[in-house]
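# Coordinate analysis (summary)
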Amino acid sequence: ASSCGTKTKLLDIPSAENILFTPEGRLFVSGGTNVFEITRDTLGWHARPLASSSGNFTGLAQIGNVLYANCFDGNLYAAVLTATPSLLPIHALGLTSPNGLSTGQNGELYVVNGPLSSSSPPNPKIVRLKLDPANPLHVIEQTDWLTTGLSFPNGIQRRGNTLFFSDSTAAPPQLGLIKSVQILADGSAGVPQIFASFNGLPDDFSFVGDKIVAASYSNGQITLIGADGQIQSQTNPM
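What comes next is a walk through the structure. The structure displayed is predicted, hence computed values, not measured ones.

### Observations regarding the overall build of the protein chain
Check the secondary structure of the protein chain and you find zero helices and 20 strands. The C-alpha atoms of the protein chain give 17 Å as radius of gyration, which agrees with the globular expectation for 238 residues (18 Å, within 12%). Once the C-alpha set of the protein chain is aligned to its principal axes, its extents read approximately 45 × 45 × 35 Å. When burial is assessed residue by residue, the protein chain has 45% of its 238 residues classed as buried.

This is the structure in structure tokens:
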């Protein structure tokens, strides 16, 4: 809730979209111009861009020592997590609005296409990418993994063999939804189910223990959702 503490501004990240902490504690943030590594020293906080050119970067995921990022230019980018990572395009997704990004149990990636594109009709789906086991910078297969049961998907996260993604529906009108879909034993998708609902157009979300913290970009609100799918608390709309 808004009363639990105060916000502290650290840096300006234009159109900040996603954050990712590595197991070693490094922090990366995607935004409307680049993907940044956030660091701190005696002079304060710093944001170092990883890509040499600007772009609308969205989903982030990590497999081993490689950071992956979606971009609205239609490409999947990757960077080996050296001391100074360099983010480069490695695969043309052919998607108009690649957004949320998550890893699978077997080293694959799941990409959300949505919620909207200004240049083409909506094409909501979740795409699965298989990587070369010998070369994590090479995509060897791209398939449309889920094309039904989603309308305006945005963020995606995985817990075990279940993917959770944020969504909205026009009919019946439901603004904020978190849906779940199982990754079946043969690798195919199960039937999406509504896990939680809240007021506000959803963006990305994170797992915190057995709970979900979801962001709404329509009203600037953060919602805490329990393991049972019920709302536990919310910040005040902005």
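Let us keep going from here.
### Examining the sheet that holds strand 16 (residues 193-198)
Judged by pairing direction, the sheet is antiparallel, and its four strands sit side by side in the order 13-14-15-16 without closing on themselves. Unpaired on one side and paired on the other, strand 13 (156-159) and strand 16 mark the two borders of the sheet. Each adjacent strand pair in this sheet contributes to an overall mean axis angle of 30°, direction not counted. Taken together, the five bridges between strand 15 (residues 174-182) and strand 16 define a ladder with antiparallel strand orientation. From the neighbouring strand, leucine 177 faces strand 16, where its bridge partner is serine 197.

### So, the sheet that holds strand 8 (residues 88-92)
Pairing is antiparallel in the open sheet, where four strands are placed in the order 5-6-7-8. A single partner strand is all that each edge strand has here, and the edge strands are strand 5 (57-63) and strand 8. Strand-to-strand twist across the sheet, computed as the mean angle between neighbouring axes with direction ignored, equals 30°. Note that strand 6 (residues 66-71) and strand 7 (residues 75-80) share five bridges and pair antiparallel. Its bridge partner lying in strand 7, valine 66 is registered against valine 80.

### Some words on the packing of aromatic side chains
Given two aromatic rings, one states the distance between the centres and the angle between the planes to describe the pair. On inspection of all chains with the given rule, the structure shows five aromatic pairs. Centre to centre, the rings of phenylalanine 205 and phenylalanine 207 are 6.4 Å apart; their planes meet at 90°, and the pair counts as edge-to-face. A relative accessible area of 23% means that phenylalanine 207 is categorised as partly exposed. Site record: aromatic cluster; members linked through ring pairs are Phe164, Phe195, Phe205 and Phe207.

### Details of the pattern of salt bridges
One pass over the full model with this rule turns up six salt bridges. Linking aspartate 144 and lysine 125 is a salt bridge whose minimum nitrogen-to-oxygen distance equals 3.2 Å. Of this pair, aspartate 144 sits in strand 12 (residues 135-146) while lysine 125 sits in strand 11 (residues 125-132), and the two are 19 residues apart along the sequence. Note on lysine 125: relative accessible area 11%, which makes it buried. Measuring nitrogen to oxygen at the nearest pair gives 3.6 Å for the salt bridge that ties aspartate 210 to lysine 211. Exposure remark for aspartate 210: the relative accessible area of 42% places this residue in the partly exposed category. With a relative accessible area of 28%, lysine 211 lands in the partly exposed category.

### Structural notes on the side chain of serine 168
Within the secondary structure, serine 168 is located in strand 14 (residues 162-169). A polar contact is formed between the side chain of serine 168 and the backbone oxygen of leucine 175, at a distance of 2.3 Å. When neighbours within four sequence positions are excluded, serine 168 is seen to be in contact with Ser151, Phe152, Gln174, Leu175, Gly176, Leu177, Leu201 and Pro202.

### Notes on the pairing of strand 12
Taken together, the seven bridges between strand 11 and strand 12 define a ladder with antiparallel strand orientation. Its bridge partner lying in strand 12, valine 127 is registered against aspartate 144. In textbook terms, the turn of a hairpin is the stretch between consecutive antiparallel strands, and for strand 11 and strand 12 this stretch comprises two residues.

### Description of the side chain of glutamine 62
Position of glutamine 62 relative to the elements: it lies in strand 5. Among the polar contacts listed, one links the side chain of glutamine 62 to the backbone oxygen of glycine 64, at a separation of 2.9 Å. Setting aside residues no more than four positions away along its own chain, glutamine 62 makes contact with Leu20, Phe21, Thr22, Pro23, Leu81 and Thr103.

What counts, and at which threshold
Residues numbered from 1 in each chain as written. Predicted model: local features only at pLDDT ≥ 70, side-chain atom pairs only at ≥ 80, totals over all residues. Heavy atoms only, no water. Helix = DSSP H or I, 4+ residues; strand = E, 2+ residues; numbered from the N terminus. Rg over C-alpha atoms; globule rule 2.2 N^0.38 Å. Buried < 20%, exposed > 50% of the residue type's maximum accessible area, 1.4 Å probe, protein only. Pairing = 2+ DSSP bridges. Axes fitted to C-alpha atoms, helices over the stretch in contact; angles between N-to-C directions. Phe/Tyr/Trp six-rings, centres within 6.5 Å; stacked < 30°, edge-to-face > 60°. Salt bridge = Lys/Arg side-chain N within 4 Å of Asp/Glu carboxyl O. Polar contact = N/O pair within 3.5 Å; in protein donor to acceptor, adjacent residues only side chain to side chain. Contact = heavy atoms within 4.5 Å.

What is shown is where atoms sit, not what they do.
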